[in-house]
Amino acid sequence: MRYHIDTIPVWDALKPDGECPLCFLRRRTEHLMVDRYLGASVMESDTRIQVNEKGFCPAHQHMLYAKQNRLGHALMMHSHMLHTQKKFAAYLEQATAAAREAAGQPMLKRLTRRGGAGSGDAARGIQALVDSCVLCESVDDNMKRYAYTFLHLWKTDEGFRKAVKASKGFCMKDTALLIDMAREHLNPAHQVTLLEALSELAEQSFNRTAQDLEWFTLKFDYRNADKPWNNSKDALERAVQKLRGCYIGTDPARDA
Ligand SMILES: [Zn+2]
Ligand SMILES: [Zn+2]
């Protein structure tokens, strides 16, 4: 698959000098989309259909809620709820029918028959309703586009390769994204140079972050109370970002 290439946001994401430029792009995309969903676009039928169908995951519900547009959020939840209630009821009916059918069977048959699949499928169906998120899907699509652009720059721009190598590296989540996209979009020779750089950045940045994090924990010892924090004040937040690709502290993309 080919993606539209827009190199400026990828270059810009390297500038904040954070722990992962792709995390920054993901977070910025999430903010833009949350604003869009709460804004006029929710009235567009395409968006409305998608929201009704998929809803939002807990993390994105929190983001929507934090934007303080209760009416926009409530309007989306109202139509999503009406839409979802029908499917929820159908799964409950399916599970009840399967249980009733099983209850009517003699004991031995009840243990061996496939009747349980009916309620198992229903439980999985309900779980799928809970797991879907229209925003996660859109953000993932956007991140593939950014990763594709990143790989294009890696392939074609010596200055970009230098800037990446001088950066603080990537989180594990986005390292996986880059490796996965590179399999499809980079030739083996370029994959080698990228993987060598990713390995080196991972080693350096994990060592640095782990060291900062250790000093952060040691600062809780009263004997170290008067010693300087060095770079460890935000080590916990940075460690979580490296490991999980999320911001638990300051959100650098909120006003970006
Ligand atoms: Zn990341
Ligand atoms: Zn989501």
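Criteria and cut-off values
Residues numbered from 1 in each chain as written. Chains lettered and ligands numbered in written order. Predicted model: local features only at pLDDT ≥ 70, side-chain atom pairs only at ≥ 80, totals over all residues. Heavy atoms only, no water. Core = buried A, V, L, I, M, F, W, Y, C linked by side-chain atoms within 4.5 Å. Buried < 20%, exposed > 50% of the residue type's maximum accessible area, 1.4 Å probe, protein only. Domains from an automatic or database assignment. Contact = heavy atoms within 4.5 Å. Buried area = accessible area lost by both parts, 1.4 Å probe. Salt bridge = Lys/Arg side-chain N within 4 Å of Asp/Glu carboxyl O. Polar contact = N/O pair within 3.5 Å; in protein donor to acceptor, adjacent residues only side chain to side chain. Helix = DSSP H or I, 4+ residues; strand = E, 2+ residues; numbered from the N terminus. Nonpolar A, V, L, I, M, F, W, Y, C, P; charged D, E, K, R; others polar. Arc of directions from axis to C-beta. Donors = N, O, S within 2.8 Å, 3.2 Å for Na, K, Ca; no water. Tetrahedral: all angles 85-135°; square planar, octahedral: opposite > 155°, others 65-115°.

**With respect to the nonpolar core**
Move 1: Counting 45 residues, the largest nonpolar core has Phe56, Phe150 and Phe170 as the members making the most contacts within it.
Move 2: Split by domain, this core shows at least three residues from each of two domains, domain 1 (7-134) and domain 2 (137-244).
Move 3: Every residue in contact with Phe170, bar those within four places of it in the chain, is listed here: Glu19, Cys20, Pro21, Leu22, Phe150, Val164, Thr175, Leu178, Leu198, Leu201 and Lys242.

**Here we look at the domain arrangement of the protein**
The accessible area lost on association of the parts is a frequent measure of interface size.
Move 1: Examined at the domain level, the protein breaks down into domain 1 (7-134) and domain 2 (137-244).
Move 2: For domain 1 versus domain 2, the separation of C-alpha centres amounts to 29 Å.
Move 3: On the side of domain 2, 27 residues touch domain 1, which itself brings 22 residues to the contact.
Move 4: Buried area between domain 1 and domain 2, summed over both chains or domains, comes out near 2300 Å², and the portion from carbon and sulfur atoms is 65%.
Move 5: Considering only the side of domain 1, the residues that lose the most area to domain 2 are Glu19, Leu22 and Arg26, jointly responsible for 33% of the buried surface there.
Move 6: Seen at the junction of domain 1 and domain 2, the total is 6 salt bridges.
Move 7: One salt bridge connects Glu137 with Lys54, and the closest N-O pair in it is separated by 2.9 Å.
Move 8: Scanning the region where domain 1 abuts domain 2 turns up 10 residue pairs in polar contact (both at pLDDT 80 or more).
Move 9: Every element with two or more residues in the side of domain 1 that touches domain 2 is listed here: helix H1 (7-14) and helix H2 (21-38).
Move 10: Looking at the side of domain 1 that touches domain 2 residue by residue, the class counts come to 13 nonpolar, 3 polar and 6 charged.

**Description of helix H4 (residues 58-66)**
Move 1: Within the span of H4, buried status applies to His60, Met63 and Leu64. On an axial view of H4, the arc spanned by its buried residues comes to 100 degrees, and they lie on one face. Residues Pro58, His62 and Ala66 are exposed on H4 and point more than 90 degrees away from its buried face.
Move 2: Gln68 occupies a position one or two residues after H4 and carries a positive phi of about 60 degrees.

**Observations concerning the coordination of the zinc ion (ligand 2)**
Move 1: Of the protein atoms, only Cys57 (SG), His60 (ND1), Cys133 (SG) and Cys136 (SG) coordinate the zinc ion (ligand 2), at distances of 2.0 to 2.3 Å.
Move 2: Coordination of the zinc ion (ligand 2) draws on donor residues from a single chain, spaced C-x2-H-x72-C-x2-C in sequence. Taken together, the positions of His60 in helix H4 and Cys136 in helix H8 (residues 134-156) put the pair 76 residues apart, joining distant regions of the chain.
Move 3: Since its relative accessible area comes to 2%, His60 is described here as buried.
Move 4: You can call Cys136 partly exposed: its relative accessible area is 30%.

**So, the coordination of the zinc ion (ligand 1)**
A four-donor tetrahedral metal ideally has 109.5 degree angles, and a six-donor octahedral metal ideally has angles of 90 or 180 degrees.
Move 1: At 1.9 to 2.3 Å from the zinc ion (ligand 1) lie its protein donor atoms, namely Cys20 (SG), Cys23 (SG), Cys171 (SG) and Asp174 (OD).
Move 2: Angles of 100 to 118 degrees at the metal separate the 4 donor atoms of the zinc ion (ligand 1), which places the site in the tetrahedral class.
Move 3: For the zinc ion (ligand 1), the single-chain donor residues occur in sequence as C-x2-C-x147-C-x2-D. With a gap of 154 residues between them, Cys20 in the loop between H1 and H2 and Asp174 in helix H10 (residues 172-185) connect regions that are remote in the sequence.
Move 4: Relative accessible area serves as the criterion here: at 2%, Cys20 is assigned to the buried category.

**Considerations on the pattern of salt bridges**
Move 1: Scanning the model with the defined rule gives 17 salt bridges in all.
Move 2: Here Lys67 makes a salt bridge to Asp35, at a shortest N to O gap of 3.3 Å. A residue pair is termed long-range when its members are at least 10 positions apart, and Lys67 in the loop between H4 and helix H5 (70-103) and Asp35 in helix H2 qualify at 32 residues.
Move 3: A residue is classified by how much of its surface remains accessible, and Asp35, at 41% relative accessible area, is partly exposed.
Move 4: The closest approach of N and O atoms between Lys87 and Glu53, which form a salt bridge, is 2.8 Å. Here Glu53 lies in helix H3 (residues 45-54) and Lys87 lies in helix H5, a separation of 34 residues in the sequence.
Move 5: The exposure class of Lys87 is partly exposed, given its relative accessible area of 25%.
Move 6: By relative accessible area, which is 37% here, Glu53 ends up partly exposed.
Move 7: Overlapping salt bridges bring together Glu19, Arg208, Asp212, Asp234, Arg238 and Lys242 as one network.

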